[in-house]
Amino acid sequence: MAHRIVILGGGTGGTLVANRLRRALDEHAAEIVVVDQDDAHVYQPGLLFVPFGLAHLDEITRPRRRQLHRGISFRLCPVDHVDIAENEVHLGDGTTLPYDVLVVATGAALVPEETAGMLGTGWMEKVFTFYTPQGASALHDALERFDGGRLVVGVVDMPIKCPVAPLEFCFLADWYLRERGVRAEVDLQYVTPLDSAFTKPEAARTLGGILEDKGVGLVTEFNIGEVDGAGGRLVGYDGREVPFDLAVLVPLHGGAPYVGRSPGLGDALGFVRTDPHTLQSVATPNVFALGDAADLPTSKAGSVTHFEGDVLVANIRLFLAGEPLDASYDGHTNCFIETGFGKALLIDFNYGTEPLPGHFPTEIGLPLLKESRLNHLGKLMFQWFYWHALLPGRDVPGIASAMPSRGKHTAGVAS
Ligand SMILES: Cc1cc2nc3c(=O)[nH]c(=O)nc-3n(C[C@H](O)[C@H](O)[C@H](O)COP(=O)(O)OP(=O)(O)OC[C@H]3O[C@@H](n4cnc5c(N)ncnc54)[C@H](O)[C@@H]3O)c2cc1C
């Protein structure tokens, strides 16, 4: 009898895993069902460009079910909860979906309501986020009207999706305001709960330097406790205040809310407790997780989800065959960082290796930790790659799940 593999979430991870599994497993061997609450697949890295008029929502959104290969069933319904003891998913329409193997790929949810005042006076008027399609689009209109004053870009707390995205927003805002001839009228500030511009020391030095060169102020170790939209102030838990005329905030993130209603599955934030190398859930052997939904100590990024997908698909096949799992996922992360004026940086790292200078994926390739036009073109091309190679689950020559060491320079890197 065919095994039933149920995949929760038809975003980046759910789609690429479903397509890879469909190719690897005969339809008589496995039935594959993908569940999602909506049918609009947004290419989320494109949200960064929407506020600056460099992308439009209709260009970065496609139907979910059309990204799934033939032979995969799609259920359009929210997940209500999972009963891991009974191997059942309970859907919002009251039906139950039994499974032999479950893949959790329901990503991260934004919880702006967890920060006092964020959704109060001024929300979507002078307080925005570009992390949602609606927010990115509304911010576009607000930025067009913004001719001067204090523009504050702030992160409430980690973890967030794509931790470099708010920095990229600062770099692009600097470019955009200069293009419009109003940069001198704007005091641009980046507010972060971290003690530097970024988590990784070498990258933090480089990115902090770019902020400084562009005249963007850096406010560190600032934990936003309250957003006072009426008064135009971010108020920190330590009593410090950052005034703003326009605030662009990245709200707190948690796991999908149903994870909290599924006993044993998640941690206190609703992320799935997952083995960092096999991607099997810690709770029970027939549940796996990848992407933003997992509680792993790596970035919540599409590249991570992609690299995890290789190992996860191999492990589902090994699990079904009763063989030991492959523990080879190394935390590989790869991010283009748009820096404005047609340039971008690239960083590549894993659980044990910081972002280093050099080239990717070998001694000849894209420059690492260095602004270049080539990296900017790489960032732009990534959207094509996303729809046509990453989601369909195609192998990409030269790009492997494991982080490449060739091309990276360790000599002369300060710690
Ligand atoms: C502004 C921004 C910029 C980014 N830039 C980059 C970048 O440059 N590079 C990069 O690598 N990554 C980037 N990312 C991050 C990247 O988009 C995510 O890490 C990636 O999409 C994660 O994939 P996922 O499958 O885990 O989650 P998602 O792709 O978010 O998919 C989760 C799916 O689960 C569904 N779901 C959730 N709850 C339920 C429920 N209860 N019932 C049914 N379905 C449910 C959702 O509808 C969604 O389809 C960016 C993200 C943002 C927001």
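Since the model is a prediction, treat every value here as computed from it, not as a measurement. (Residues numbered from 1 in each chain as written. Predicted model: local features only at pLDDT ≥ 70, side-chain atom pairs only at ≥ 80, totals over all residues. Heavy atoms only, no water.)

Points about the pattern of salt bridges
Within this structure, the stated rule accounts for 18 salt bridges. Ionic pairing is found between arginine 183 and aspartate 174, a salt bridge with its closest N-O pair at 2.7 Å. Accessibility classification places arginine 183 together with aspartate 174 in one group, the buried group. Taken together, the shared-partner salt bridges connect Arg20, Asp310 and Asp395 into one network. (Salt bridge = Lys/Arg side-chain N within 4 Å of Asp/Glu carboxyl O. Buried < 20%, exposed > 50% of the residue type's maximum accessible area, 1.4 Å probe, protein only.)

Topic: helix α3 (residues 165-179)
An ideal rise of 1.5 Å per residue puts 21 Å on 15 residues; α3 measures up with 21 Å between its terminal C-alpha atoms. Among the 15 residues of α3, 13 are classified as buried, and the element is accordingly described as predominantly covered. One or two residues past the end of α3 sits glycine 181, with phi positive at roughly 75°. (Helix = DSSP H or I, 4+ residues; strand = E, 2+ residues; numbered from the N terminus. Expected span 1.5 Å × (residues − 1).)

Re helix α1 (residues 12-24)
With 13 residues, α1 should cover 18 Å at 1.5 Å per step; its first-to-last C-alpha distance of 18 Å lies within 8% of that length. The buried fraction of α1 amounts to 11 of the 13 residues, a majority that puts the element mostly inside the structure. Taken as a whole, α1 has its buried residues at Thr12, Gly13, Gly14, Thr15, Leu16, Val17, Ala18, Asn19, Arg20, Leu21 and Arg22. Those residues of α1 that are buried are in contact with β1 (3-8), β2 (30-36), β3 (40-42), β5 (72-76), α6 (302-320) and α7 (373-390). (Contact = heavy atoms within 4.5 Å.)

Re the side chain of histidine 41
As for its position among the elements, histidine 41 is in strand β3. Residue classification places histidine 41 among the buried positions, given a relative accessible area of 1%. Within polar-contact distance, the side chain of histidine 41 engages the backbone oxygen of glycine 10 at 3.5 Å. (Polar contact = N/O pair within 3.5 Å; in protein donor to acceptor, adjacent residues only side chain to side chain.)

Brief notes about the site of the ligand
In the vicinity of the ligand lie 31 residues, with Thr12, Gly13, Asp36, Val79 and Gly302 positioned nearest. In the model, a nitrogen atom of the ligand is placed 3.2 Å from a nitrogen or oxygen of the glutamine 37 main chain. Across the complex, the protein chains shield 93% of the 1,000 Å² of accessible surface that the ligand would expose by itself. Of all the elements in the fold, those that place two or more residues in the shell around the ligand are α1 and α6. Looking at the shell around the ligand element by element, the count peaks at 3 residues for α6. Looking at the shell around the ligand residue by residue, the class counts come to 12 nonpolar, 13 polar and 6 charged. (Near = heavy atom within 4 Å. Areas by Shrake-Rupley, 256 points an atom, 1.4 Å probe, with all protein chains shown as cover. Nonpolar A, V, L, I, M, F, W, Y, C, P; charged D, E, K, R; others polar.)

What to know about the pairing of strand β6 (residues 79-83)
Alignment of β6 against strand β7 (residues 88-91), held across 4 bridges, turns out to be antiparallel. The residue of β7 that forms the bridge with valine 79 is leucine 91. Here β6 folds back onto β7 in antiparallel fashion, the turn holding 4 residues, of which asparagine 87 has a positive phi close to 60°. (Pairing = 2+ DSSP bridges.)

Quick notes on the environment of proline 276
For proline 276, the position within the fold is in the loop between α5 (257-260) and β20 (287-289). Since its relative accessible area comes to 28%, proline 276 is described here as partly exposed. Along the sequence, proline 276 and glycine 331 sit 55 residues apart, while their C-alpha atoms lie 7.6 Å from each other. Not counting the four nearest positions on each side in its chain, proline 276 is found in contact with Leu296, Tyr329 and Tyr351.

A look at the environment of asparagine 375
Summarising the element assignment, asparagine 375 is placed in helix α7. For the pair asparagine 375 and glycine 342, spaced 33 residues apart in sequence, the C-alpha separation works out to 9.1 Å. Excluding its chain neighbours within four sequence positions, the residues that come into contact with asparagine 375 are Phe336, Ala344, Leu345, Leu346, Leu366, Pro367 and Lys370.

Notes on the nonpolar core
By size, the foremost hydrophobic cluster in this structure holds 110 residues, and its most contacted members are Val82, Val89, Leu151 and Phe169. Broken down by element, this core gets its largest block of residues, 10 residues, from α3. Excluding residues within four positions of it along the chain, leucine 151 makes contact with Leu143, Phe146, Ala173, Leu177, Val186, Asp187, Leu188, Gln189, Leu246 and Val248. Val191, Val219, Phe222 and Leu249 belong to the second-largest nonpolar core, a separate cluster that totals 14 residues. (Core = buried A, V, L, I, M, F, W, Y, C linked by side-chain atoms within 4.5 Å.)

Some details on empty space enclosed by the protein
The full count for this structure, using the stated rule, is 1 cavity of 30 Å³ or more. In this model, the largest cavity occupies a volume close to 30 Å³. Along the walls of the largest cavity sit Gly291, Ala294, Leu296, Thr298, Ser299, Lys300, Val304 and Glu308, which together make up its complete lining. Of the residues in the lining of the largest cavity, the class split is 3 nonpolar, 3 polar and 2 charged. (1 Å grid on protein atoms, 1.4 Å probe; cavity = no way out; pocket = protein on both sides within 12 Å on 5 of 7 lines; lining within 4 Å. Points joined across faces, edges and corners; volume = space filled by probe spheres on them.)

Structural notes on the sheet that holds β20
Paired through their backbone hydrogen bonds, the strands of a sheet run either parallel or antiparallel. Spatially, 5 strands are ordered β5-β2-β1-β9-β20 in an open sheet, and the strand pairing comes out parallel. Each having just a single partner strand, β5 and β20 make up the two edges of the open sheet. In this sheet, neighbouring strand axes are inclined to one another by 20° on average, regardless of whether the strands run parallel or antiparallel. Bridge count for strand β9 (residues 101-104) against β20 is 3 bridges, and the pairing is parallel. (Axes fitted to C-alpha atoms, helices over the stretch in contact; angles between N-to-C directions.)

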